[in-house]
Amino acid sequence: DTVLLMDLLRYTSAARGPDAADSFEQGLVDASSLIGVDVENQLIRGLGPTWSLYLDGDAVGTSMLSLTLVNQLADPEGVERGLRSLQMFANLAMLQGMAGEDIKVQVHTQTYDGHDLHTLGTPLLSPTWAIVDGKLIAGLSPHTVLAAIDNIDQPNSLNQHADFAA
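Values in this document were obtained by computation on a predicted structure and should not be read as measured data. (Residues numbered from 1 in each chain as written. Predicted model: local features only at pLDDT ≥ 70, side-chain atom pairs only at ≥ 80, totals over all residues. Heavy atoms only, no water.)

**Student:** Sorry, what's going on with the pattern of salt bridges here?
**Tutor:** Pairing between side chains becomes possible if they bear opposite charge and their charged atoms approach one another. Under the defined criterion, the tally for this structure stands at 6 salt bridges. With a closest N to O distance of 2.5 Å, Arg10 and Glu25 form a salt bridge. Of this pair, Arg10 sits in helix H1 (residues 2-15) while Glu25 sits in helix H2 (residues 18-35); the two residues are 15 residues apart in sequence, bridging distant segments of the chain. The partly exposed category is assigned to Arg10, whose relative accessible area is 23%. Look at Glu25 and you get partly exposed, because its relative accessible area is 32%. A salt bridge links Arg84 to Glu80; the nearest nitrogen and oxygen atoms lie 3.1 Å apart. (Salt bridge = Lys/Arg side-chain N within 4 Å of Asp/Glu carboxyl O. Helix = DSSP H or I, 4+ residues; strand = E, 2+ residues; numbered from the N terminus. Buried < 20%, exposed > 50% of the residue type's maximum accessible area, 1.4 Å probe, protein only.)

**Student:** Just to check I follow, could you spell out the pairing of strand E2 (residues 67-72) for this structure?
**Tutor:** Consecutive side chains along a regular strand alternate between the two faces of the sheet. One ladder, built from 5 bridges, connects strand E1 (residues 51-55) with E2; its direction is antiparallel. Across the sheet, Ser52 pairs through a bridge with Val70, a residue of E2. (Pairing = 2+ DSSP bridges.)

**Student:** I'm lost on the nonpolar core in this one. Help?
**Tutor:** For soluble globular proteins, the rule of thumb is that nonpolar side chains tend to be buried together. Core analysis: the largest hydrophobic core is formed by 14 residues, its most contacted members being Leu47, Leu73, Val79, Leu83, Trp129, Ile131 and Leu136. Counting residues per element, the ones that place at least two in this core are H2, helix H3 (39-44), helix H5 (76-97), strand E5 (128-132) and strand E6 (135-139). The contact partners of Ile131, leaving out residues within four places of it in the chain, are Leu73, Pro76, Val79, Glu80, His115 and Leu136. (Core = buried A, V, L, I, M, F, W, Y, C linked by side-chain atoms within 4.5 Å. Contact = heavy atoms within 4.5 Å.)

**Student:** Hey, could you run me through the sheet that holds E6 in this one?
**Tutor:** Backbone hydrogen bonds hold the strands of a sheet together, and the pairing may be parallel or antiparallel. If you trace the 6 strands from one edge of the open sheet to the other, you get E1-E2-E6-E5-E4-E3, paired in antiparallel fashion. The sheet terminates laterally at E1 and strand E3 (107-112), the two strands that pair on one side only. Sheet twist, expressed as the mean angle between neighbouring strand axes with direction ignored, is 20°. Pairing analysis gives 6 bridges linking E3 to strand E4 (residues 115-120), with the strands arranged antiparallel. Pairing of Gln110 across the sheet is with Leu117, part of E4. (Axes fitted to C-alpha atoms, helices over the stretch in contact; angles between N-to-C directions.)

**Student:** Before we go on, may I ask you to explain unusual backbone geometry in this structure?
**Tutor:** Note: most peptide bonds trans; most residues except glycine with negative phi. Of note, Asp113 is a non-glycine position whose phi angle comes to about 50°, a positive value. Unlike most non-glycine residues, Asp133 shows phi in positive territory, near 50°. The residue Asp133 is located in the loop between E5 and E6 in this model.

**Student:** Honestly, the confidence of the model for the chain in this entry has me stumped. Any pointers?
**Tutor:** Caution applies to low-pLDDT parts of the model: their predicted coordinates are not meant to be read in detail. Here the chain shows a mean pLDDT of 86. Residues at 70 or above account for 86%. Of all the helices and strands in the chain, helix H4 (residues 57-60) carries the lowest mean pLDDT, 64, while E5 carries the highest, 95. (pLDDT = per-residue confidence, 0-100.)

**Student:** Is there a simple way to explain the pairing of E6 in this structure?
**Tutor:** The element E6 is extensively covered by neighbouring structure, given that 5 of its 5 residues are classed as buried. Across the two faces of E6 the burial is the same, with Lys135, Ile137 and Gly139 and Leu136 and Ala138 all buried. When E5 meets E6, the two strands line up antiparallel, connected through 5 bridges. Pairing of Ile131 across the sheet is with Leu136, part of E6. Where E5 hands over to E6, the hairpin turn is made up of 2 residues, of which Asp133 adopts a positive phi near 50°.

Shown next as C-alpha cells:
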C-alpha cells in the first residue's frame, strides 16, 4: 500500500529528527516542482492498495519479460495526469541529455483499442504502461500490456476474481 508506505517514510524521517523531516518534505516539494506533478497526492496517494504481479507466458514467453503489474487505482484521472506529466518531463530530460547523439530514447504513446500505451523505446526492455478501466497496467514489454488489455474483462481474468476486487 503506497499510502501506508508514504506515511511510514514520513514517520521514519520525523523520528530521525526535525532536520530529516524537513529534508523529506522539501524533497517532495522539489520533486513536485521539478516534474510539474504533485508527487505525493497525484502519484503516490492516487495508487490503490491492491496490486497484482504475474508472469504472462502467453504474451512473450516465460522469461521475466512477461512480468505484468496491475494496480486498482484510487484516483485514475490524477495518476494518469501525473504519469503523463512525468513522461513529458522525462522525454525533455532525455532529449537534452542526448543532444548530439545519434540515438534518441523517448517514451512514445500509441493507441490500442481506444487506450493509450506509453512505451520507453529501448532495446530488449521496453517498459510500457496504460490505464484501463481504472487500473494501471505496466509491463516490461508492450506485449504484456496488450495481452492484459485484451483479457481485462474476460471472466477468467485475474481482474475479475473476487479477491482482486476486494
